[in-house]
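# Residue-level structure breakdown
Listed below are the residues making up each chain.
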Amino acid sequence: MPAYVIARLQDAAPHPDIADYIERLPGTFEPYGGSYLVHAAQHEVLEGDWSGGIVMIGFPGTEQARAWWDSPAYRELAPLRSRHIEGDIILIEGVPEGYVPTAAARAIREAAAAQGTA
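Residues numbered from 1 in each chain as written. Predicted model: local features only at pLDDT ≥ 70, side-chain atom pairs only at ≥ 80, totals over all residues. Heavy atoms only, no water.

## Structural notes on the pattern of salt bridges
Rules: We define a salt bridge as a contact between a side-chain nitrogen of Lys or Arg and a carboxyl oxygen of Asp or Glu at a distance within 4 Å. Starting at the N terminus, helices and strands are each numbered in turn, a helix being any DSSP run of H or I of at least four residues and a strand any DSSP run of E of at least two. Partly exposed residues are those whose accessible area sits between 20% and 50% of the maximum for their type, while under 20% is buried and over 50% is exposed, using a 1.4 Å probe and protein chains only.
As enumerated under the stated definition, the model contains 3 salt bridges in all. Close ionic contact of Arg83 with Asp17 constitutes a salt bridge, the shortest N to O distance being 3.3 Å. Residue Arg83 is found in the loop between helix 3 (72-82) and strand 4 (87-93), and its partner Asp17 is found in helix 1 (residues 16-29); the two are separated by 66 residues along the sequence. Judged by its relative accessible area of 54%, Arg83 is exposed. By relative accessible area, Asp17 is classed as buried at 17%. Note that Arg24 is salt-bridged to Glu76, the shortest N-O span being 3.6 Å. A residue pair is termed long-range when its members are at least 10 positions apart, and Arg24 in helix 1 and Glu76 in helix 3 qualify at 52 residues. Classification of Glu76 by relative accessible area gives exposed; the value is 59%.

Written out as C-alpha cells, the structure is:
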C-alpha cells in the first residue's frame, strides 16, 4: 500500500538554510521511490484551523518512507529545516487499490450497538 509523509509547517522568515533544504530534499527521497504530491501550494481551509504550509511526499509503502526518514542523507539535511520552521510531520499508510469503506462503517455500527448508542 502507498504511504505518505505529510508535514504541516508554520510560516517562517526566509533563510538560506531553508532554501538549501528545499533544493536538496528531493535527492534524499527519490532513491526510496518518493515524490512530491503537494509542495508550497496554496490551500483553502474548509473547516477548522489549518495554518501554515503543507508538504506531502508519496512513497510506494511505509517501509520505503521509514527508510527515507531514517536515512543518513535525510538525517543530515533535517536540521536545516527544523532550526527555522516548526511543524508537525506524520507518516500514514494509504488505502489499497479498490478500497471501499463499508467495513469501517460496519465496525462503527457494531461498536455503537455494543455501547447501546445504536
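Further notes follow.
## Brief notes about the side chain of Arg81
How we decide: Positive residues here are Lys and Arg, negative ones are Asp and Glu, while His and the chain termini are left out of the count.
With respect to the helices, strands and loops of the structure, Arg81 is situated in helix 3. Here Arg81 sits buried without a salt bridge, and the closest side chain of opposite charge, Asp88, lies 9.5 Å off (N-O distance).

## Remarks on the sheet that holds strand 3 (residues 53-59)
Stated precisely, the cut-off is as follows: For two strands to pair, DSSP has to find at least two bridges joining them. Where helices are involved, their axes are fitted lines through C-alpha atoms of the stretch in contact, as for all axes, and angles between N-to-C directions lie from 0 to 180°. Residues count as neighbours in contact if any of their non-hydrogen atoms are within 4.5 Å of one another.
Strand order in the open sheet formed by 4 strands is 2-3-1-4, and the pairing between neighbours is antiparallel. Where the open sheet ends on each side, the last strands, each with one partner, are strand 2 (35-39) and strand 4. Pairwise comparison of adjacent strand axes, ignoring direction, gives a mean angle of 15 degrees for this sheet. In terms of strand pairing, strand 2 meets strand 3 through 4 bridges, oriented antiparallel. The partner of Val38 across the bridge, within strand 3, is Met56. Together, strand 2 and strand 3 form the strand contacts of helix 1, whose direction differs from that of strand 2 by roughly 140 degrees. Of the strands in this sheet, strand 1 (3-9), strand 3 and strand 4 touch helix 2 (residues 62-70), which is tilted by about 150 degrees from strand 4.

## Looking at helix 4 (residues 102-115)
Put simply, the rule reads: Expected helix span is taken as 1.5 Å per residue step, with the number of steps being one fewer than the number of residues.
Compared with the 20 Å implied by 1.5 Å per residue over 14 residues, the 20 Å span of helix 4 between its first and last C-alpha is a close match. A positive backbone phi angle near 75 degrees is found at Gly116, which sits one or two residues after helix 4.

It is worth stressing that arrangement in space is one thing and function is another; only the former is reported here.
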